[in-house]
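Here are the chains, one letter per residue:
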Amino acid sequence: MVSLSSSRMPQVLQGHIQPAGHRTCKSRLVTKDGHCNIEFGNIEYSNQFAFLMDFWTTFLEIRWRFVLLLFVASFTGSWFIFSLLWYWIARNNGDLMGQNRTDGHIQCIDNVNGLTTAFLYSLETQTTIGYGGRTLTGHCAGTVALIIIQSLVGVFINCFMCGIILAKISLPKKRAKTVTFSDTAVICLKKGSLCLLIRVANLRKTLLIGSQIYGKLLKTTTTSDGDTIILDQVDIDFMIDAGKDNLFFVCPITLYHVINRSSPFYELSADSLAHQDFELVVFLDGTAESTSSSCQVRTSYTPQEIQWGYSFLPIISRTTTGKYRVDFSNFSKSVRVTTPHCVQCFETDAGHKNHNANNQENHNNQQKSGIDNLGFQVIDIHDSVDITKM
């Protein structure tokens, strides 16, 4: 419990701008760009096989370098495998160079007389190039079945690889790259309460429909039974002036969390904040207006990235032409403001003010004597009149 001495009363801080910078901090669960810093170990073989069963998601999540490698390997591999089959057919039919051909010999494939020409014929068949130099004669029934099979395999490979590439390009997390959070969070007074503020901006003019914002506080806690819970999650409610749900996310907005008795930050103070061990993860869920795909943006803040006694600089202004302008150069910049040293200090000071106000009101009431008659009227009498008659 922090001290509630008079030295902890709200203090006036010198106003100066605090630039946004990168602070050194320990490893975190969620990085600033939203990636999760976690690894899995000792997974059973049966569970690893499940990744192959869900091959579509596996291919979507692998890196681009492996997708391109898979793209090249799938096409060249299929060309080479089918070239071996075409070479085998030509060899069994006696079409290769050096084989003894009888008079009137009819080839299965024209101009396929070696492995190289068989590979070229396989490539031309699957890619439907059709130069015309090599073609089926129709003499061998096996060639008809093989060309049908290779054409179907080629179509399947084309559809699968094009689907993988298009799906990776249109992943919702790419839309999340154009939604950014402020580098730091600040704690200051807002609407008569001590609040934690975070700024978020949509860099595109297209909206995120049905946006919802919430947070999780991750920390290591010890239960009453002595059990240690790593990454214990506590809900953090964020609000904005326009409401919590269905945000009109067309310009940067400031989220704020009221630090009260129900807040996990209630015991914090300006001195103890930097020595805490927690991670604040902030989430923004929404649906992209242009693609109707759901996406999630997330970031995290450590105690070293939370500034006590600062407030964000304004970034929205109106031009002479009537347009609204957002200055992103001040997006993460903050300025010192008058802020209580702790929540208890703020509540104690507010209680003293309310107590003094009540005492002053009671004092004013005690100075009154009698009861006010609202129907009484004051009449000025200029001359003395004797109305008594004997």
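Note that the structure is a prediction, hence the values are computed from the model and not measured.

Enquirer: How should I be thinking about the overall build of the chain in this particular structure?
Expert: Looking only at helices and strands, the chain features 7 helices and 14 strands. Taken across its 390 residues, the chain has 33% of its residues classed as buried. Restricting to contacts in the chain with at least 6 residues of sequence separation, those with at least 24 account for 68%. Carbon and sulfur atoms provide 56% of the accessible area of the chain, an area that totals close to 25000 Å².

Enquirer: Mind showing me how you'd approach the packing of aromatic side chains here?
Expert: According to the stated counting rule, one finds 11 aromatic pairs in the structure shown. With a centroid separation of 6.1 Å and an interplanar angle of 35 degrees, the aromatic rings of F55 and F160 are classed as tilted. Of this pair, F55 sits in helix α2 (residues 55-61) while F160 sits in helix α5 (residues 141-169), placing them 105 residues apart in sequence. Using a relative accessible area of 42% as the deciding quantity, one classes F55 as partly exposed. Since its relative accessible area comes to 16%, F160 is described here as buried. By way of ring pairs, the aromatic residues F55, W56, F59, F156 and F160 are connected into one cluster. Between the NZ or CZ atom of K168 and the centre of the ring of W64, over which it lies, the distance is 5.3 Å. In this structure, K190 is placed above the aromatic ring of Y256, and the distance from its NZ or CZ to the ring centre is 5.2 Å.

Enquirer: Looking at this structure, how should I read the pairing of strand β8 (residues 278-288)?
Expert: Two faces make up the sheet, and in a regular strand the side chains alternate between them. With 9 of 11 residues buried, β8 lies mostly within the body of the structure. With 10 bridges connecting them, strand β5 (residues 208-222) and β8 associate as antiparallel partners. The residue bridging G215 from the neighbouring strand is V282, located in β8. Alignment of β8 against strand β9 (residues 294-301), held across 8 bridges, turns out to be antiparallel. Considered in β9, the bridge of V282 is made with T299.

Enquirer: I'm lost on the state of the cysteines in this one. Help?
Expert: By definition, a disulfide links the sulfur atoms of two cysteines through a covalent bond. With the rule as written, the count across this model stands at 1 disulfide. One disulfide in the model links C108 with C140; its S-S distance is 1.6 Å. Negative torsions about the S-S bond denote left-handed disulfides, and the value of about -55 degrees found for C108 with C140 makes this one left-handed. One end of the pair, C108, is in the loop between α3 (64-93) and α4 (115-126); the other, C140, is in the loop between α4 and α5, and 32 residues separate them in sequence. The closest cysteine sulfur to the non-disulfide-bonded C195 is located on C188, 7.3 Å from its own sulfur. Since its relative accessible area comes to 0%, C195 is described here as buried.

Conventions adopted
Residues numbered from 1 in each chain as written. Predicted model: local features only at pLDDT ≥ 70, side-chain atom pairs only at ≥ 80, totals over all residues. Heavy atoms only, no water. Helix = DSSP H or I, 4+ residues; strand = E, 2+ residues; numbered from the N terminus. Buried < 20%, exposed > 50% of the residue type's maximum accessible area, 1.4 Å probe, protein only. Contact = heavy atoms within 4.5 Å. Areas by Shrake-Rupley, 256 points an atom, 1.4 Å probe, with all protein chains shown as cover. Phe/Tyr/Trp six-rings, centres within 6.5 Å; stacked < 30°, edge-to-face > 60°. Lys NZ or Arg CZ within 6 Å of the ring centre and 35° of its normal. Pairing = 2+ DSSP bridges. Disulfide = S-S within 2.5 Å.

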